[in-house]
Amino acid sequence: MTEPLVSRMRAFGTTIFAEMSALAVRTGSINLGQGFPDTDGPAAMLDRAVEAIAAGANQYPPGPGVPDLRHAVSEHRSAHYGLDYDPDGEVLVTVGATEAIAASVLALCEAGDEVIAFEPYYDSYAASIALSGARLVAVTLRPADGRFTFDPDELRAAVTPRTRAILVNSPHNPTGTVFTRAELAVIAELCQERDLIAITDEVYEHLTFDGVEHIPLATFPGMRERTVMISSAGKTFSVTGWKTGWVCAPPPLVGAVQTVKQFLTFTASAPWQLAVTYGLRHELDWVAALRSGLQDKRDRLMEGLTSAGFEVFRPSGTYFVQTDIRPLGFTDGLELTRKLPALAGVVAIPTQVFYDHPERGAHFVRFAFCKKDEVIDEAVARLKRLP
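If you look the chain up in an unreviewed UniProt entry, it shows as N-succinyldiaminopimelate aminotransferase from Nonomuraea endophytica. Regarding the chain, the relevant UniProt record gives this comment under Cofactor (unreviewed entry): "pyridoxal 5'-phosphate". Note on the chain: under the UniProt heading Sequence similarities (unreviewed entry), the record states "Belongs to the class-I pyridoxal-phosphate-dependent aminotransferase family."

> When you look at the pairing of strand β12 (residues 320-324) in this model, what are you seeing that I'm missing?
Two faces make up the sheet, and in a regular strand the side chains alternate between them. Across the five residues that make up β12, a large majority, five, are buried. Residues Phe-320, Gln-322 and Asp-324 of β12 are buried on one face, and the alternating residues Val-321 and Thr-323, pointing to the opposite face, are buried as well. Direction of pairing for strand β11 (residues 311-313) relative to β12: antiparallel, over a ladder of three bridges. Bridge pairing in β12 links Val-312 to Thr-323. Hairpin connection of β11 to β12: six residues between the antiparallel strands, including Thr-318 at a positive phi of 80°. Examined bridge by bridge, β12 and strand β15 (residues 364-368) share five bridges and lie antiparallel to one another.

> Mind showing me how you'd approach the pairing of strand β9 (residues 227-232) here?
Where burial is concerned, most of β9 is hidden: six out of the six residues are buried. The side-chain alternation of β9 yields two buried faces, one formed by Thr-227, Met-229 and Ser-231 and the other by Val-228, Ile-230 and Ser-232. For strand β8 (residues 197-201) and β9, the ladder comprises four bridges, and the chain directions are parallel. Along β9, the bridge assignment pairs Thr-200 with Met-229. Strand direction decides the pairing type here: β9 and strand β10 (residues 245-248), joined by four bridges, are antiparallel. Among the inter-strand pairings, Ile-230 is bridged to a residue of β10, identified as Val-247.

> Before we go on, may I ask you to explain the side chain of Thr-140 in this structure?
Checked against the element boundaries, Thr-140 lands in strand β4 (residues 135-140). Taking the relative accessible area as the measure of exposure, Thr-140 reaches 2% and is therefore buried. A distance of 2.6 Å separates a polar atom in the side chain of Thr-140 from a polar atom in the side chain of Glu-119. A polar contact is formed between the side chain of Thr-140 and the side chain of Arg-360, at a distance of 2.7 Å. The residues touching Thr-140, leaving out its near neighbours within four places in the chain, are Glu-119, Thr-149, Phe-150, Glu-154, Tyr-355, His-357 and Arg-360.

> How do you make sense of the nonpolar core when you look at a structure like this?
Across soluble globular proteins, you tend to see nonpolar side chains buried next to one another. Val-228, Val-247, Leu-301, Phe-310, Phe-367 and Leu-383 are the most contacted members of the largest nonpolar core, which has 63 residues in total. If you tally residues by element for this core, the top one is helix α4 (residues 96-108), at six residues. When residues of this core are assigned to domains, at least three map to each of domain 1 (7-41 + 285-384) and domain 2 (59-282). Non-local contacts of Phe-310, meaning those with residues more than four positions away in its chain, are made with Leu-305, Thr-323, Asp-324, Ile-325, Leu-328, Phe-367, Leu-383 and Leu-386. Listed in part, the 28 residues of the second largest apolar core include Ile-116, Phe-150, Val-159 and Phe-313.

> Got a minute to help me understand the packing of α4 against helix α5 (residues 123-132) in this structure?
The description of two packed helices rests on the angle between their axes and on the distance between the axes. It is at 8 Å that the axes of α4 and α5 come closest, and there the two elements cross at 30°. Taken together, α4 and α5 sit at an angle that is classed as roughly parallel. Both α4 and α5 take part in a crossing whose hand is right-handed. Only Ser-124, Tyr-125, Ser-128, Ile-129, Leu-131 and Ser-132 of α5 make contact with α4, whose side of the interface consists of Thr-98, Ile-101, Ala-102, Val-105 and Leu-106. Taken together, the residues that form the contact of α4 with α5 break down as seven nonpolar, four polar and no charged.

> Sorry, what's going on with the environment of Ala-270 here?
Along the polypeptide, Ala-270 turns up in helix α9 (residues 270-282). Given the relative accessible area of 8%, Ala-270 is considered buried. Along the backbone, Ala-270 and Thr-244 are 26 residues apart, and their C-alpha atoms lie at a distance of 9.6 Å. Excluding anything up to four places from it in sequence, Ala-270 contacts Ala-57, Gln-59 and Pro-61.

Conventions used here
- Residues numbered from 1 in each chain as written.
- Predicted model: local features only at pLDDT ≥ 70, side-chain atom pairs only at ≥ 80, totals over all residues.
- Heavy atoms only, no water.
- UniProt positions renumbered as here; feature names shortened; annotations may be inferred.
- Buried < 20%, exposed > 50% of the residue type's maximum accessible area, 1.4 Å probe, protein only.
- Helix = DSSP H or I, 4+ residues; strand = E, 2+ residues; numbered from the N terminus.
- Pairing = 2+ DSSP bridges.
- Polar contact = N/O pair within 3.5 Å; in protein donor to acceptor, adjacent residues only side chain to side chain.
- Contact = heavy atoms within 4.5 Å.
- Core = buried A, V, L, I, M, F, W, Y, C linked by side-chain atoms within 4.5 Å.
- Domains from an automatic or database assignment.
- Axes fitted to C-alpha atoms, helices over the stretch in contact; angles between N-to-C directions.
- Parallel < 35°, antiparallel > 145°, perpendicular 65-115°, else oblique.
- Left-handed = near helix turned anticlockwise from the far one by under 90°.
- Nonpolar A, V, L, I, M, F, W, Y, C, P; charged D, E, K, R; others polar.

Encoded structure:
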């Protein structure tokens, strides 16, 4: 029998998250790899999901999403960013941000197109672009002054006549960078000069630290009409298993994404949609407390990793701390993370798997701090065995 998997997907096997989480279970290691919290979201919001199930909200919701959730998303965009989206034509509910990204790329990019993404990038980006038949063009984020950023000249040079879109993730997974206004202005200017669509992954929009502000690219002059703005409830409310996300964009772009989305999942998760509606309207104080707690956890893990001998980069957002393993005498993050359960009883993620150019990220390893303090402390104690 010939190879059953289509050629454009043969480079994509089991995700690194599945591999490392399975390794954690198999070895009984502490999992600081996959980015999921080990505590639940706001109790009142969880109760709304239970109530919705008991009340019979268990059949297909409307394809674009439950109207009340679309209104709540629209209200949230307006209140936080001054962006007004019509809930009845500019908001689409999706099965998490991952589906939103995939449906956007499949809807807006064709075979032969190019899509720019900043490496290291979340692994679904490359797979979605490959499924569309387009080509990913990576622009590398490099450390500078303790954070990861891009060279504007490299970004401009990456644009060709075939470039269709740029995929922008801020706050950025896996580096923890939050793009500054100046960095976003470079992207916005380039999108308008070269008539590019921006697809923005903003799932960590509320999880920024040290007073750093998340600025949506769609707020820049001339960008609302060319931006597909994506977010979700999973990270904001610590309900990553609910897979409830959304797209906000002008009608032509939302319509294109919905055309594809309806043949991927059509719709999903009526009870979760109703509960997230409640969360967006009533639980943002809980989110503020979550953000403060995560900042403390970040500092706790950074201090521990530094004392264990890693070079640590201070993230301004997300769940993750990026480290350089070379001070410990290691150079290959993939090799180290596969051995780490035996060496220290901890699982982490090798950053090089998120690069088109793995050699540029071979010495970086990502650790998640969205865990209980005692879990972080035990992991750090174990990692101190490495030197």
